[in-house]
Amino acid sequence: MEVVVLAEEHASGRLWAQHGISFLLKVERGGKAYKVLFDTGTSWEPIQHNLRLLNEDLNELTAIVLSHRHYDHTGGLLGALKSVGKPVPVIAHPDIFSVNFVLPMREIGLPYSREELKEAGARFVLSKDPVEVVPGVITTGEVPRVDPVEREMTLEAYTVRDGRLVRDPMMDDLSLVVKTSVGGIVLTGCSHAGVLNIVRRAKQLVGEVYAVMGGFHLISADDNRIEATVRGFRELGVKKVMTGHCTGVRAECAFLREYGEDFDQLAVGKRYSFPD
Ligand SMILES: [Fe+2]
Ligand SMILES: [Fe+2]
């Protein structure tokens with residue numbers, strides 16, 4: 001299997017960076033090749049540009065998986081659907097359309113209506129339960145919030161429920177887990193569910209987790225939280241860490257110190273391969 005980074009805050013050469021995450025997952029199962037698009041960045045144009053430069057395309061795309069509703073993961077969705085040009089399953093959590101904002105008022109949720117996305121070809125599969133997208137490629141579904149380190153969320157976002165302004169626990173945050181012969185490979189969006197909770201959930205689904213790749217949203221976390229997260233990774237047996245986006249430079253440094261050669265900073269155009 002291979003993961004190609006299509007959107008991220010870092011890029012080199014003629015590739016385009018942007019705020020957000022998008023990964024193209026390519027797997028082979030039983031002699032058949034599959035592609036899954038995980039998240040769509042803030043804008044589609046840079047991804048289209050990067051696909052061309054990287055000699056990749058979305059032909060025969062099996063599905064689009066959305067990690068959560070934030071605009072920096074869903075903003076490119078309409079462009080992605082138009083570029084695919086035929087109906088495609090879009091797998092996400094049922095809360096994907098609910099309002100989400102930070103205060104003072106700035107909306108940060110999905111910037112399109114369900115109708116316009118359906119019209120562009122989205123066939124929504126909205127599930128709190130894990131969904132097997134391709135043989136051995138499964139969403140975590142809703143992630144149980146159990147790890148004592150992650151009792152507090154690292155993002156102060158709000159929603160409206162029954163006419164009341166409430167903190168949004170971002171229950172829509174899900175990740176994608178790929179079974180390989182070396183263990184599970186976990187793709188995260190922003191890890192608003194807590195990245196240790198996500199790893200625990202992935203272990204329930206596939207056994208050992210070999211690598212975790214994506215944003216961990218530790219950008220505003222204090223040093224105690226960061227150190228506890230790195231320790232938690234080791235305790236849960238994670239062997240490789242590829243991170244960037246909303247992880248924050250202090251947390252990236254902490255992972256680099258602990259993981260050395262087994263750490264990598266994400267950037268557009270990077271490819272990560274694992275034995276099937
Ligand atoms: Fe994000
Ligand atoms: Fe987010």
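Right, let's walk through the structure included here. Nothing here was measured: the structure is a model prediction, and the numbers come from that model. (Residues numbered from 1 in each chain as written. Chains lettered and ligands numbered in written order. Predicted model: local features only at pLDDT ≥ 70, side-chain atom pairs only at ≥ 80, totals over all residues. Heavy atoms only, no water.)

Focus: the coordination of the iron ion (ligand 2)
Rules: Water is absent from the atoms considered, so a metal site may look incomplete; donors are defined as N, O and S atoms within 2.8 Å of the metal, or 3.2 Å for Na, K and Ca. Irregular is the default label, applied whenever a site is not tetrahedral (four donors, all angles between 85 and 135 degrees) and neither square planar nor octahedral (four or six donors, opposite donors over 155 degrees apart, all other angles between 65 and 115). The classification of residues rests on relative accessible area computed with a 1.4 Å probe and restricted to protein chains. Under 20% of the type maximum is buried, over 50% is exposed, and intermediate values are partly exposed.
Donor atoms from the polypeptide that coordinate the iron ion (ligand 2) comprise H68 (NE2), H70 (ND1), C190 (SG) and H192 (NE2), at 2.2 to 2.6 Å from the metal. Considering all four donor atoms around the iron ion (ligand 2), the spread of angles at the metal, 88 to 173 degrees, places the coordination shape in the irregular class. A spacing of 3.5 Å is found between the iron ion (ligand 2) and the iron ion (ligand 1), which share C190 as a donor. Side by side, H68 and H70 carry an identical accessibility label, which is buried.

Observations regarding the sheet that holds strand 13 (residues 176-180)
Operational definition: A pair of strands is considered paired only if DSSP assigns at least 2 bridges between the two. Helix numbers and strand numbers start at the N terminus; a helix is a DSSP run of H or I with at least 4 residues, a strand a run of E with at least 2. Axis angles are defined between N-to-C directions and span 0 to 180 degrees, where every axis is a line fitted to C-alpha atoms and, for a helix, only to the segment in contact.
Read across the open sheet, the seven strands follow the order 9-10-13-14-15-16-17; overall the sheet is mixed. Either end of the sheet is taken by a strand with one partner, and the two such strands are strand 9 (132-134) and strand 17 (263-265). Sheet twist, expressed as the average angle between the axes of neighbouring strands with direction ignored, equals 20 degrees. For strand 9 and strand 10 (residues 137-139), the ladder comprises two bridges, and the chain directions are antiparallel. By the bridge assignment for strand 10, V134 is matched with V137.

Description of the sheet that holds strand 4 (residues 61-65)
Quick note on the threshold: Whether two residues are in contact is decided by their heavy atoms: any pair within 4.5 Å suffices.
The strand order 8-5-4-3-2-1-18 describes an open sheet built from seven strands, whose pairing is mixed. Unpaired on one side and paired on the other, strand 8 (122-126) and strand 18 (271-273) mark the two borders of the sheet. Strand after strand, the sheet turns through a mean of 25 degrees between neighbouring axes, direction not considered. Pairing between strand 5 (residues 88-92) and strand 8: five bridges, direction parallel. In the strand pairing of strand 8, V88 is matched with A122. Strand contacts of helix 1 (residues 45-53): strand 1 (2-7) and strand 2 (22-29), with the helix running at about 135 degrees to strand 1, the strand carrying the most contacts. Its contacts with the sheet place helix 3 (residues 77-84) against strand 3 (32-38), strand 4, strand 5 and strand 8, and it is angled at close to 170 degrees to strand 4.

Structural notes on the coordination of the iron ion (ligand 1)
Donor atoms from the polypeptide that coordinate the iron ion (ligand 1) comprise D72 (OD), H73 (NE2), C190 (SG) and H245 (NE2), at 2.1 to 2.3 Å from the metal. Between consecutive donors of the iron ion (ligand 1), the numbers of intervening residues give the motif D-H-x116-C-x54-H.

What to know about the packing of aromatic side chains
Using the following cut-off: In summary, the pairing rule links any two rings of Phe, Tyr or Trp, Trp by its six-membered ring, whose centres are within 6.5 Å, and it sorts them by plane angle into stacked for under 30 degrees, edge-to-face for over 60 and tilted for everything else. Lysine NZ or arginine CZ positioned within 6 Å of the ring centre and within 35 degrees of the ring normal marks a charge as sitting over the ring.
Evaluated as defined, the whole model comprises eight aromatic pairs. Seen from their ring centres, F216 and F233 are 5.5 Å apart, and the 45 degrees between their planes marks the pair as tilted. One end of the pair, F216, is in the loop between strand 15 (209-215) and helix 6 (223-235); the other, F233, is in helix 6, with 17 residues separating them in the sequence. With respect to class, F216 is no different from F233; both count as buried. With 5.5 Å between their ring centres and 65 degrees between their planes, F216 and F255 make a pair best called edge-to-face. Of this pair, F216 sits in the loop between strand 15 and helix 6 while F255 sits in helix 7 (residues 249-259), and the two are 39 residues apart along the sequence. The class for F255 is buried, based on a relative accessible area of 0%. Site record: aromatic cluster; members linked through ring pairs are F216, F233, F255 and Y259. Over the ring of Y34 we find K32; its NZ or CZ atom is 4.9 Å from the centre of that ring.

Re the side chain of H70
Turning to its location among the elements, H70 is positioned in the loop between strand 4 and helix 2 (71-74). In this view, H70 contacts N100, I108, G109, L155, M170 and H192; residues no more than four positions away in its chain are not counted.

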